[in-house]
Every structure is written in structure tokens, then in C-alpha cells.
Amino acid sequence: MNTDTENITSADNINKQKPHNVEEVTIPVPWGHISGKWWGPMDQQPIIALHGWQDNCGSFDTLIPLLPSDIAILTLDLFGHGCSTDFPIGQFCNIVWDGLLTLRRIVKYYRWNKVKLIGHSLGGVVSFLYSATYPDEVDFIISLDIAGPNSKDVSEIAAATGDTIDKYLSFETLNGKDSPDYTYEEMLHIIEGAYNGSITRESAIILMKRGIRPSYDPERFCFSRDSRLKVATLGMPSMDLLLAFAARVKCAYLNIRASDGLKYEKPEHYHMVLDRIKVGAKRFEYHEVEGSHHVHLNNPERVASIINKFIST
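Going by the annotation in an unreviewed UniProt entry, the name recorded for the protein chain is Putative serine hydrolase, with Dufourea novaeangliae given as the source organism. Here the protein chain is described in UniProt, under the heading Sequence similarities (unreviewed entry), as follows: "Belongs to the AB hydrolase superfamily."

Right, here's the structure in full:
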């Protein structure tokens, strides 16, 4: 285990990086499109960066300027998040497994044979599952404050299924014209509160750039994300299945854990997954930094130097 708070490169030094070029991109999918931002050179295959649950690709807006500008990075809004299209009403969507399927669609759309992945929270889960599902097609994963999906005992999965389905159906009614709307300041207050201290006010404003949309009242706003994303527990794996996936990871692997980061229902599971990944990974690194679950957004200089060193080696 490494603790890196004493060895962080200062923000002043990191900020000497040449500014990145940034282009909005739209990728077609059967139900609409996936939106994102392509940072850096457009003529090279990018690292794919995936955000966390109910965030959007703005989650990386403060980190990427601290990474080398000659490296391309494609940050994506997962389905139902940010500026990407929601799944059709009446079709069930699962944030984990449909996230994995969406990533595969994008890789096949660009005809990439191997990929490099950065994932925060949900994005880290999707990256982990992708590297286990296609172990020969991933060069590396950088996982930010996540090891794998929250696992549940099979009895808990069975007991929660009915309630989860009913919640999902109720949230279907909150999309479109029935979406509640708020003033900008109300939205900011709601977002700050919902993250329970994980993001700063400045970070909330960044996420709101893609996270809200105008309401029918031009002075009010709605959340742009799909309300059904709130239902996140259906389809969670058991620990046995999670460890079986972890055993299939072969690529180079970097995990950065925040000191006040994501709270697991069973905290020991985090390192159980890492221990299994460590056995098969081509290279394995684990670092701890001071900060919240969104440390990469609030204090990107704390993780940028670790990522830069990992990428360069």
C-alpha cells in the first residue's frame, strides 16, 4: 500500500501543461446517441474516461488539463446522463450491465482492437467489468475510488427485487413534461446536498453544465439525467461472481483510493477484489490520497501526478 499525500506534485507545476484542444462528439447508438468530449489530438486513439453514477463527463473537466496534452482522452456521458439520450420509456436500463454493453458498442463503432480506460465510481465498475469480459483487449485501467460493483448476498438480491422493480416503474413517470423544475440556485442547493459533502460548490457548478436542462419555464431548470438511474441495485452481483470477474483481469491496473471516499456496505470487499486482480494483472498499483469520493474533481492535483507517472511507464 502506498500513501501519496506527501509526494503530490504541486498544482503550480502540473498546470504548466500545454492546454488541450477539446471537441464535442456524438456517437450514434440504436436508441439515440452518446455524447462526450474528445480532449487532445483527434488523430490518435484516445483513453476512454467514464464518469460516476448520476454524474456526467464534466467530472473530468478539472483533471484532464493536468494530464499531458499530447495524449487523447475521450470523456463520455453514459446513457441517460448529461447530454446523452435516455433509454426509451418502457425499456428497462441497468446502470452496470447496460453501461458495459454501451462501452462495447462504442469500441466496436470506432473499430478499436485494444483500449485504455479511466473510470470513476460507476465508470470504474464498467471499466473493471469490460477488462474482465475482454481481458485481451484492454491495455490498462485507472480506477478512481472504486474496485468493483457493490456486491450483495443472494438472499438480499432476491428480497429486494420486487421493491426495486416498483421503484423503477414509478420513476418512469418523472421524465419529460412531468419532471420537477427549479431555479438555478435551487438546483445548485439540491446538488450540493445530494452529494453529502463529496463535491465542492465549484464542482457542483461544473457538473451542472451538462447535468441540467431548461424547463418549459425559461427561468427554471430540470435535471438532464434519466430519473430511472436512481434505481441502481437490480442486477448487482454476488461476491462469488465479482471475484470470478476480478480473476480475469490481465491488463495493467491502477487504483486510487480516497481517504474519505465511497462507503462500501462491506468495506473488506474493496481489498478482496483488489487482491484477486493483483494476481493476474500485468502490473498493479494501489495509492491512497486525501479527499472525498470526488477528489479527482475537487482536488485533481492529488491524483494527476500518480496518473501521469502510470501512463508514462
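Continuing now.
Attention now moves to empty space enclosed by the protein. Following the criterion strictly, the structure yields 5 cavities of 30 Å³ or more and no others. There is about 80 Å³ of room inside the largest cavity. Forming the walls of the largest cavity are Gln54, Asp55, Asn56, Gly82, Ile191, Tyr195, Leu207, Met208, Gly211, Phe223 and Arg225. Here the second largest cavity defines a volume of roughly 50 Å³. Taken together, Lys152, Ile157, Ala160, Thr161, Thr164, Thr233, Leu234 and Gly235 make up the lining of the second largest cavity.

Turning our attention to the pairing of strand S6 (residues 115-120). Of all 6 residues making up S6, 5 are buried, and the element is well covered by its neighbours. In terms of strand pairing, strand S4 (residues 47-50) meets S6 through 3 bridges, oriented parallel. Counted as the bridge partner of Ala49 is Ile118 from S6. Where S6 and strand S7 (residues 138-144) come together, 6 bridges link them in parallel fashion. The partner of His120 across the bridge, within S7, is Leu144. You can see the chain leave S6, run along helix H3 (residues 122-133) and come back into S7, and the turn it takes is right-handed.

So, about the packing of helix H2 (residues 97-110) against H3. Two quantities define a packed helix pair, namely the angle between the axes and the distance from one axis to the other. Relative orientation of the contacting elements H2 and H3 amounts to 65 degrees, with a least axis distance of 9 Å. For the pair H2 and H3, the sense of crossing is right-handed. Residue-level inspection shows Trp97, Gly99, Leu100, Leu103, Arg104 and Val107 of H2 in contact with H3, the latter providing Val126, Leu129, Tyr130 and Thr133. For the contact of H2 with H3, a count of residues per class yields 7 nonpolar, 2 polar and 1 charged.

A separate point is the pairing of strand S11 (residues 284-292). Regular strands place side chains that alternate from one sheet face to the opposite one. Here 7 bridges tie strand S10 (residues 252-260) to S11, and the two strands are oriented parallel to one another. What sits directly across from Asn255, in S11, is Tyr286. Once the chain exits S10 it traverses helix H8 (residues 268-280) before rejoining the sheet at S11, and the crossover so formed is right-handed.

Here we come to the environment of Val22. Tracing the sequence through the fold places Val22 in strand S2 (residues 22-29). Classification of Val22 as partly exposed rests on a relative accessible area of 38%. Taking the C-alpha atoms as reference points, Val22 and Ile73, separated by 51 residues in sequence, lie 9.5 Å from one another.

On inspection of all chains with the given rule, the structure shows 13 aromatic pairs. Ring geometry for Trp38 against Tyr110: centres 6.0 Å apart, planes inclined by 70 degrees, an arrangement best described as edge-to-face. With Trp38 in strand S3 (residues 32-39) and Tyr110 in helix H2, this residue pair connects regions lying 72 residues apart in the sequence. Ring geometry for Tyr109 and Tyr110: centres 5.0 Å apart, planes at 85 degrees, overall edge-to-face.

Taken as a whole, the largest pocket encloses approximately 950 Å³ of empty space. Taken together, 35 residues line the largest pocket, and the ones lying closest to its centre are Trp53, Ser121, Leu262, Lys263 and His293. Broken down by secondary-structure element, the contributors of at least two residues to the lining of the largest pocket are H3 and helix H5 (184-194). Taken together, the residues of the lining of the largest pocket break down into 16 nonpolar, 13 polar and 6 charged.

Right, let's get into the pattern of salt bridges. Summed over all chains, the structure comprises 17 salt bridges. When the shortest N-O distance is used, the salt bridge between Asp145 and Arg257 registers 2.9 Å. Placement of the pair is Asp145 in the loop between S7 and helix H4 (154-171) and Arg257 in strand S10, with a sequence separation of 112 residues. For the pair formed by Asp145 and Arg257, the shared burial category is buried. Each of Glu24, Asp77 and Arg210 takes part in salt bridges that share partners, so that together they form one network.

Take the state of the cysteines next. Inspection of the entire model under this criterion finds 0 disulfides. Not part of a disulfide, Cys57 finds its nearest cysteine sulfur in Cys83, a span of 7.2 Å. Taking relative accessible area as the criterion, Cys57 reaches 0% and is therefore assigned buried.

Reading the values: rules and limits
- Residues numbered from 1 in each chain as written.
- Predicted model: local features only at pLDDT ≥ 70, side-chain atom pairs only at ≥ 80, totals over all residues.
- Heavy atoms only, no water.
- UniProt positions renumbered as here; feature names shortened; annotations may be inferred.
- 1 Å grid on protein atoms, 1.4 Å probe; cavity = no way out; pocket = protein on both sides within 12 Å on 5 of 7 lines; lining within 4 Å.
- Points joined across faces, edges and corners; volume = space filled by probe spheres on them.
- Buried < 20%, exposed > 50% of the residue type's maximum accessible area, 1.4 Å probe, protein only.
- Helix = DSSP H or I, 4+ residues; strand = E, 2+ residues; numbered from the N terminus.
- Pairing = 2+ DSSP bridges.
- Right-handed = clockwise from strand over helix to strand, strands pointing away.
- Axes fitted to C-alpha atoms, helices over the stretch in contact; angles between N-to-C directions.
- Left-handed = near helix turned anticlockwise from the far one by under 90°.
- Contact = heavy atoms within 4.5 Å.
- Nonpolar A, V, L, I, M, F, W, Y, C, P; charged D, E, K, R; others polar.
- Phe/Tyr/Trp six-rings, centres within 6.5 Å; stacked < 30°, edge-to-face > 60°.
- Salt bridge = Lys/Arg side-chain N within 4 Å of Asp/Glu carboxyl O.
- Disulfide = S-S within 2.5 Å.

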